[in-house]
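Overview (structure and organization)
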Amino acid sequence: MKRINGFSMVEMMMALGLTGLMALIGVNLYEFSQKETKVLSEDIINTIARFGASKTLTYDLLSGEPSFNYVNLADDNNLPFFALAKNEFCRNSTCTRQLTLDIKPGAVKSRSFYIIVKRPQGKESLKFTIDPNLVYGPDRSYAGINWQKADANYSITKSPERVDSPWQKGRLLMLTSEMDFYDCLSPVHSMTASGNCKVTCENSGTCNFIIKRPYKMLGGVSDNEVDMNYYPIEGAPTGLIKSAYQICRPNKDYVCAATVDISGGLESSKTFFDKLPYIPGNDNRTTLAPVEIVQYWLERPNPTSPDHLIELRRARATLVGGRIKFQKGVILMTGLQSIVFSRSNISNSIIDYKLKKVRLKKSLNNK
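Residues numbered from 1 in each chain as written. Predicted model: local features only at pLDDT ≥ 70, side-chain atom pairs only at ≥ 80, totals over all residues. Heavy atoms only, no water.

Scanning the protein from terminus to terminus reveals three helices and 17 strands. Taking all 367 residues of the protein together, the buried fraction comes to 45%. Taking the intrachain contacts of the protein between residues at least 6 apart in sequence as the baseline, contacts between residues at least 24 apart amount to 67%. Surface accessibility of the protein: about 19400 Å² in total, with carbon and sulfur atoms responsible for 55%. (Helix = DSSP H or I, 4+ residues; strand = E, 2+ residues; numbered from the N terminus. Buried < 20%, exposed > 50% of the residue type's maximum accessible area, 1.4 Å probe, protein only. Contact = heavy atoms within 4.5 Å. Areas by Shrake-Rupley, 256 points an atom, 1.4 Å probe, with all protein chains shown as cover.)

What follows is the structure in structure tokens.
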């Protein structure tokens, strides 16, 4: 057999074939290692982002007390997610709540989860007390929460002497009564009032009893800092805020002996104080809490984006130019398939959540 420089043609062909095979294996190994490195680095980034997102979510949920019995948000079964039945322990199968954020096929955004959270600054009080008797002028007509702002003894305007006060122009505040009242418009197991104003149930807890809730009004401090005004939330679903009341005053047999009708809603501080029920022997104080409105949702960058690029976004609503409007959402993390908010029982205010992460390797293979 003919040899070339000491090697046969067959040996040369075998050597070239092995070299090509090794090169092919090397390219495949390189591509595999690059993909695995990308998966690993993405997992590390997502783990860090997930920790940050969880920390933000946890803080918001722990500070979300103003939302209960005020934010009117339906869960997956069209039940009021933020219903809080402190007046009676709920015992049946409809006492749990679950609200899922996920992106439906063909869509780019999920539904939104809204929550009102307490957000003090510095040494501000979470419950700044307002005496209802001091909001009326000498002629006993409503004058404003801070109508005596020129008098240092009565002014609640934030200042070096009143560091605990949240009262500043443009601040979002929640005005709340210290007492709870039976509200016929807030049944515990449905989104709308059924007309059956039942105050209590048997131990089985199967009936749709009404909730006992405090007076609440979300508003912003006026430019002259004399009063606070109610503003609708732009971009939020209609009816998100439950401002209407029909207060029931039950007799000894738990039957409504009288009602206070505020079906038009508590949409002014004057209505809030004028309609505030007075019960002798009970604390009729009201409080102010600094708050902000937060929105969560999932979003794809575009309809064809792979699942690992799905973004968890969070936006805050601020008062600007006489309007409550959500700012552009910030991305907390990517690669979420869904978020499930849940409550084990509506008789307590604990909200749990679960983040379901996209399997990155599967998402990359589907690109």
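Still more ground to cover, so stick around.
Turning our eyes to something else, we now look at the state of the cysteines. In the structure shown here, the tally under the stated rule is three disulfides. Put simply, Cys90 and Cys95 are joined by a disulfide, and their sulfur atoms are 1.9 Å apart. Note on the Cys90 and Cys95 pair: the S-S dihedral is about -80°, so by sign convention the disulfide is left-handed. Linked covalently through their sulfurs, Cys184 and Cys197 form a disulfide whose S-S length is 1.8 Å. On the sign convention where negative is left-handed, the bridge of Cys184 and Cys197, at about -65° about the S-S bond, is left-handed. Here Cys184, found in strand E6 (residues 172-187), pairs with Cys197, found in the loop between E6 and strand E7 (210-221); they are 13 residues apart in sequence, far enough to count as distant. Note on Cys184: relative accessible area 9%, which makes it buried. (Disulfide = S-S within 2.5 Å.)

For the coordinates displayed, the defined rule picks out 19 salt bridges. Residues Lys127 and Glu178 are paired through a salt bridge, measuring 3.8 Å at the closest nitrogen-oxygen approach. Of this pair, Lys127 sits in the loop between strand E4 (113-118) and strand E5 (128-130) while Glu178 is found in strand E6, placing the two residues 51 residues apart along the sequence. Given the relative accessible area of 48%, Lys127 is considered partly exposed. In this structure Glu178 comes out as partly exposed when scored by relative accessible area, which is 30%. Each of Asp60, Arg119, Glu292, Arg314 and Arg316 takes part in a single network of salt bridges with overlapping partners. (Salt bridge = Lys/Arg side-chain N within 4 Å of Asp/Glu carboxyl O.)

In this fold, Ser110 is placed in the loop between strand E3 (97-102) and E4. Residue Ser110 is classed as buried on the basis of its relative accessible area, which comes to 9%. Separated by 2.9 Å, the side chain of Ser110 and the backbone nitrogen of Leu298 make a polar contact. What Ser110 contacts, discounting residues up to four positions off in sequence, is Leu101, Asp102, Ile103, Trp297 and Leu298. (Polar contact = N/O pair within 3.5 Å; in protein donor to acceptor, adjacent residues only side chain to side chain.)

Bringing the nonpolar core into the picture now. When a protein is soluble and globular, its nonpolar side chains tend to lie buried together. Membership of the largest hydrophobic core comes to 47 residues, with the highest contact counts inside it found for Phe82, Phe113, Ile116, Ile293, Leu312 and Phe341. For this core, the leading source of residues is strand E12 (residues 286-299), giving seven residues. Residues Trp167, Phe181, Val221 and Leu276 belong to the second largest nonpolar core, which totals 25 residues. (Core = buried A, V, L, I, M, F, W, Y, C linked by side-chain atoms within 4.5 Å.)

The relation between two aromatic rings is expressed through the spacing of the ring centres and the mutual angle of the planes. Within the structure shown, the criterion is met by 12 aromatic pairs. Ring geometry for Phe272 against Phe273: centres 5.1 Å apart, planes inclined by 70°, an arrangement best described as edge-to-face. A relative accessible area of 0% means that Phe272 is categorised as buried. An aromatic cluster is defined as three or more aromatic residues linked by ring pairs; in this entry it consists of Tyr136, Tyr142, Phe181, Tyr215, Tyr245, Phe272 and Phe273. Looking at Arg213, its charged tip hangs above the ring of Tyr245, at a distance of 3.7 Å from the centre. (Phe/Tyr/Trp six-rings, centres within 6.5 Å; stacked < 30°, edge-to-face > 60°. Lys NZ or Arg CZ within 6 Å of the ring centre and 35° of its normal.)

The backbone phi angle of Asn69 is positive, close to 60°, even though this residue is not glycine. Given the relative accessible area of 8%, Asn69 is considered buried. With a phi close to 65°, Arg140 is a non-glycine residue in the positive phi region. Mapped onto the elements, Arg140 comes out in the loop between E5 and E6.

In this section: the sheet that holds strand E17 (residues 352-357). Strand order in the open sheet made by the three strands is E3-E16-E17, with antiparallel pairing throughout. Lying at the two open borders of the sheet, with one neighbouring strand each, are E3 and E17. Put simply, the sheet's adjacent strands are angled 15° from each other on average, direction ignored. Bridge count for strand E16 (residues 336-343) against E17 is six bridges, and the pairing is antiparallel. Bridge pairing in E17 places Phe341 opposite Tyr353. (Pairing = 2+ DSSP bridges. Axes fitted to C-alpha atoms, helices over the stretch in contact; angles between N-to-C directions.)

Turning our eyes to something else, we now look at the confidence of the model for the protein. Averaged over every residue, the pLDDT of the protein is 84; the share at 70 or more is 81%. Within the model, the stretch residues 36-45 combines pLDDT values under 50 with 10 contacts to residues more than four positions away or in other chains. (pLDDT = per-residue confidence, 0-100.)

Attention shifts here to the pairing of strand E10 (residues 245-250). As paired strands, E6 and E10 are joined by two bridges and run antiparallel to one another. If you follow Tyr182 over to E10, its bridge partner there is Cys248. Two elements, E10 and strand E11 (residues 256-262), share six bridges in a ladder whose sense is antiparallel. Residue pairing in the sheet places Pro250 in a bridge with Cys256 of E11. Two successive antiparallel strands, E10 and E11, enclose a turn made up of five residues, where Tyr254 displays a positive phi of approximately 60°.

Examined against the element boundaries, Gly106 turns out to sit in the loop between E3 and E4. In this structure, the C-alpha to C-alpha distance between Gly106 and Pro303, residues 197 residues apart in sequence, is 6.8 Å.

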